[in-house]
Amino acid sequence: MLRSAILNVMVAAARKTARGLKRDFGEVEKLQVSLKGPANFVSSADRRAEETLYEELSKARPGYCFLGEEGGKREGTDKSHTWIVDPLDGTTNFLHGLPQFCISIGLEREGTIVAGVVYNPITEEMFTAERGKGAFLNDQRIRVAARRSLSEAVVACALPHLGRGDINLNRREIATLQEKIAGLRRFGAAALDLAFVAAGRFDGYFERDIKPWDMAAGLLMVREAGGYVTDLDGGDDMLSKGHILAGNEIMHRELLRQLQQAAKA
Ligand code: LIP
């Protein structure tokens, strides 16, 4: 598979950042047993990873704007391009020594996400997508699952917790789906959840109260793998509203119907 120059830049930045994160993940596993715990260490690992991404991406494309989870927005001279970056998606997993986390890099051009990379440094799975050119896992083309019935669907979701999100709404959504689907999963890294929908591993994914950097790359991946992505009102405002639903055409439609009913109940 021949990658475009821009995707090569993104993949190289993800790989370089991954080396640091992988080393730090090894340390976290040791720190788990210490009384002080790894929380401070992890937040500096997160910040270091964002700096590496910023350096690598802005070396290759000086002038592009940069929006990162840690440092917020850094303006560039080229206002039509913005990197939307999560250096460590799945921070809680990382902190607990759970190897389900990733680096997520999306590129927005004039309001549209045109390229995305999601990389898990531990499994070495590199998901890539470019607008109009398909989605890939380690250079192999991926497609969303073809399952057509909710009764066969495995769906990834969130579980709001301790001051985060609307717990009652989530309970209604989960209760509605539990009676109709084959399985629910809470893996804890939105970008990987979306990449797994793109790869046909999950039939659907929905989450509320997430940020543009959690979903920019992954939403393109699902669309380029033939899937549907909207906000939970069925529109295209995922990044501004902070909620998202993904699946193949049928799963997306059915899940949207169920989730909208649950929200009204
Ligand atoms: C996380 C998301 C996850 C969500 C968490 C958090 P972070 O991103 O990917 O799906 O449920 O609340 O936002 O903070 O690890 O980059």
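Residues numbered from 1 in each chain as written. Predicted model: local features only at pLDDT ≥ 70, side-chain atom pairs only at ≥ 80, totals over all residues. Heavy atoms only, no water.

## Focus: the packing of helix α5 (residues 190–198) against helix α6 (residues 212–224)
No. 1: The interhelical angle for the contact between α5 and α6, taken along N-to-C directions, is 0°, at an axis separation of 8 Å. As judged from the angle between their axes, α5 and α6 are roughly parallel. Residues Ala190, Ala191, Leu194, Ala195, Val197 and Ala198 of α5 lie in contact with α6, whose contacting residues are Asp214, Met215, Gly218, Leu219, Met221 and Val222.
No. 2: Grouping the amino acids of the contact of α5 with α6 by side-chain chemistry returns ten nonpolar, one polar and one charged. (Axes fitted to C-alpha atoms, helices over the stretch in contact; angles between N-to-C directions. Helix = DSSP H or I, 4+ residues; strand = E, 2+ residues; numbered from the N terminus. Parallel < 35°, antiparallel > 145°, perpendicular 65-115°, else oblique. Contact = heavy atoms within 4.5 Å. Nonpolar A, V, L, I, M, F, W, Y, C, P; charged D, E, K, R; others polar.)

## Some points on the environment of Leu220
No. 1: Along the chain, Leu220 falls in helix α6.
No. 2: Take Leu220: its relative accessible area is 4%, and that puts it in the buried class.
No. 3: In the structure, Leu220 is positioned 90 residues away from Glu130 in sequence and 7.5 Å away in space, judged by C-alpha atoms.
No. 4: Beyond its immediate stretch of four places on either side in the chain, Leu220 contacts Ile113, Val114, Ala115, Gly116, Ala129, Glu130 and Arg131. (Buried < 20%, exposed > 50% of the residue type's maximum accessible area, 1.4 Å probe, protein only.)

## Thoughts on unusual backbone geometry
No. 1: The residue Glu110 is not glycine, and still its phi comes out positive at about 45°.
No. 2: Of the residues examined, Glu110 reaches a relative accessible area of 65% and is grouped as exposed.
No. 3: Phi at Asp209 is positive, roughly 60°, even though this residue is not glycine.

## Observations concerning the domain arrangement of the protein
No. 1: Per the domain assignment, the segments making up the protein are domain 1 (5–141) and domain 2 (150–264).
No. 2: Domain 1 and domain 2 are separated by 21 Å when their C-alpha centres are compared.
No. 3: The interface of domain 1 with domain 2 comprises 35 residues on the first partner and 22 residues on the second.
No. 4: Taken over both partners, the interface formed by domain 1 and domain 2 buries close to 2,000 Å², and the fraction arising from carbon and sulfur atoms is 68%.
No. 5: Here domain 1 is connected to domain 2 by one salt bridge.
No. 6: One can count seven residue pairs in polar contact (both at pLDDT 80 or more) joining domain 1 with domain 2.
No. 7: Elements supplying a minimum of two residues to the side of domain 1 that touches domain 2: β1 (64–68), β3 (78–89), β4 (102–109), β5 (112–120), β6 (125–130) and β7 (134–137).
No. 8: A per-element tally of the side of domain 1 that touches domain 2 places β5 first, with seven residues.
No. 9: Across the side of domain 1 that touches domain 2, the residue classes break down as 15 nonpolar, eleven polar and nine charged. (Domains from an automatic or database assignment. Buried area = accessible area lost by both parts, 1.4 Å probe. Salt bridge = Lys/Arg side-chain N within 4 Å of Asp/Glu carboxyl O. Polar contact = N/O pair within 3.5 Å; in protein donor to acceptor, adjacent residues only side chain to side chain.)

## What about the site of the ligand?
No. 1: Taken together, 13 residues surround the ligand, and among them Asp89, Gly90, Thr91, Arg186 and Glu207 come closest.
No. 2: Arg186 has a polar side-chain atom sitting 2.7 Å from an oxygen atom of the ligand.
No. 3: Measuring from an oxygen atom of the ligand, one finds a side-chain N or O atom of Glu207 at 2.4 Å.
No. 4: For the ligand, whose unbound accessible area comes to 380 Å², protein coverage reaches 88%.
No. 5: It is β3 that provides the largest number of residues to the shell around the ligand, a total of three residues.
No. 6: Looking at the shell around the ligand residue by residue, the classes come out as three nonpolar, three polar and seven charged.
No. 7: Mapping the shell around the ligand onto the domain boundaries places at least three of its residues in each of domain 1 (5–141) and domain 2 (150–264). (Near = heavy atom within 4 Å. Areas by Shrake-Rupley, 256 points an atom, 1.4 Å probe, with all protein chains shown as cover.)

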